[in-house]
Amino acid sequence: MITFLTGCSEKNIQVVLHTGFGKNEVFKVEQMSCTLPEMMVYLSTTQSRYENVYGERIWETSLEEMTLEESMKNMVLAQLSQIKAMNLLAEQEKVELSKEEEEKVEQAAKAFYETLSKEEIRSLDVDRECIKRLYKEYAIANKVYYYLIKDVNPEVSDDEARTITVAHILIKTYSLDENNQKVEYDEGQKREALAKAQEVLQKAQNGVGFDSLIAAYNEDKQSQYSFGKGEMNQEFEAAAFNLAKGEISEIVETEYGFHIIKCLTNFNQEETDANKIKIVEKRREKVFEQRYFEFAKGLTKAVNEDLWKEITLIRDVEIDTSEFFDIYRKYL
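Described below are features of the structure shown in this document. These numbers were taken from a predicted model, which means no experiment stands behind them. (Residues numbered from 1 in each chain as written. Predicted model: local features only at pLDDT ≥ 70, side-chain atom pairs only at ≥ 80, totals over all residues. Heavy atoms only, no water.)

### Regarding the side chain of Lys 73
Going by this rule: Starting at the N terminus, helices and strands are each numbered in turn, a helix being any DSSP run of H or I of at least four residues and a strand any DSSP run of E of at least two. Partly exposed describes any residue whose relative accessible area lies between the buried limit of under 20% and the exposed limit of over 50%, with all areas from a 1.4 Å probe on protein chains only and scaled to the type maximum. Here Asp and Glu are counted as negative and Lys and Arg as positive; His is not counted, and neither are the chain ends. In what follows, salt bridge is the name for a side-chain nitrogen of Lys or Arg lying within 4 Å of a carboxyl oxygen of Asp or Glu. Residues adjacent in sequence count toward polar contacts only when both atoms are side-chain atoms; beyond that, a polar contact is any pair of N or O atoms within 3.5 Å, and within protein one must be able to donate a hydrogen and the other to accept it. Note on contacts: a residue pair is in contact if any heavy atoms of the two residues lie within 4.5 Å.
As for its placement among the helices and strands, Lys 73 is situated in helix α3 (residues 68-93). No salt bridge is formed by the buried Lys 73; the nearest opposite charge belongs to Glu 69, separated by 6.0 Å. Polar side-chain contacts of Lys 73 include one of 2.9 Å to the backbone oxygen of Ile 311. Other than its neighbours up to four places away in sequence, Lys 73 contacts Leu 43, Trp 308, Lys 309 and Ile 311.

### Focus on the packing of α3 against helix α6 (residues 128-148)
Let me state the cut-off plainly: Interaxial angles span 0 to 180 degrees and are taken between N-to-C directions of axes, which are lines fitted to C-alpha atoms, for helices over the stretch in contact. Oblique is the label for any angle not covered by the other classes, which are roughly parallel (under 35 degrees), roughly antiparallel (over 145) and roughly perpendicular (65 to 115). Each crossing is labelled by how the near helix is turned from the far one, with a counterclockwise turn of less than a right angle marking it left-handed and a clockwise turn marking it right-handed.
Two numbers describe how α3 lies on α6: the axes approach to 8 Å, and their chain directions differ by 60 degrees. The orientation of α3 relative to α6 falls into the category oblique. Where α3 crosses over α6, the two elements pack in a sense that is left-handed. Residue-level inspection shows Ile 83, Lys 84, Met 86, Asn 87, Leu 89, Ala 90 and Glu 93 of α3 in contact with α6, the latter providing Glu 137, Tyr 138, Ile 140, Ala 141, Val 144, Tyr 145, Tyr 147 and Leu 148.

### A word on the packing of aromatic side chains
The condition that has to hold: Pairing of aromatic rings covers Phe, Tyr and Trp, the last counted by its six-membered ring, and requires centre-to-centre distances within 6.5 Å; plane angles under 30 degrees mean stacked, over 60 mean edge-to-face, and any other angle means tilted. Both a distance and an angle decide whether a charge sits over a ring: NZ of Lys or CZ of Arg must be within 6 Å of the ring centre and within 35 degrees of the ring normal.
One pass over the full model with this rule turns up 18 aromatic pairs. Their ring planes at 85 degrees and their centres at 5.3 Å tell us that Phe 112 and Phe 324 sit as a pair that is edge-to-face. Taken together, the residues span a long stretch of sequence, with Phe 112 in helix α4 (residues 99-115) and Phe 324 in helix α13 (residues 324-331) at a distance of 212 residues. Exposure class is identical for Phe 112 and Phe 324. Each is buried. Note that Lys 73 overlies the ring of Trp 308, its terminal NZ or CZ placed 4.4 Å from the centroid. Against the face of Phe 241 rests Lys 229, its NZ or CZ located 5.5 Å from the ring centre.

This is the structure in structure tokens:
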């Protein structure tokens, strides 16, 4: 339902800085404003979900260029910016919530607000109208996403969506240096690797069990892969999809080395049907991204840098808003 929030970025929204902000106004996308309470609800919700999965010490994790807290703040800023932009796009496309949807927004806001303790309301500085506004804008953003992709319903054939499972043996043509970077073999080393691969292939063709050959020779961490078209290295994939069940390939060279591939399954209806859904969703996302980025490139976002720097996570175990999206999904 919220693919657009994770599949796209706000890179086409031009960021500008100025001082014309109202009280507790964190940023603006054109005339759409985000207040501090709105930001804190999203921050607190994301924080709660992180901590519920990874524990409260998750924030001690260090990233290369920033803290995890800073990274999460930036992620939430981008998410809220896109929701605001999507609401502007909805205005342009005349997409609105129905009366029934408005009522569901009201019900969801009431239900979530009633889960908040007095301490949570005080810490977040929220009221029911703020929650209602967040849910309404989120619902409109979702609705305009589906509006833009409504005509995308492509037919996907079994062959296009077919997934296969193969076992393989890799003889590498590279090593890793002290920085874990690839170092290509020289010509002499490559000839030795090819000779080794030819030896393995000969044994496979002479009836030696493929599993035993994997155990003895495979230099990949994995020995089996399940995949659809467009998901693997081009040379590997082309060879694999041309194999019948139980058939063993000739030597296939890729950037990783020399492969010998055995097809374990070349068609599974259940996996194929599931992959059809993924393919259609990817096409819908692509259509949406084209429409959204074309619209967003003309927008400007102004960030209240002073207020933004002051915003921090609430370090209080009693503050937990992890039900925010769960309640949204229950009603909408």
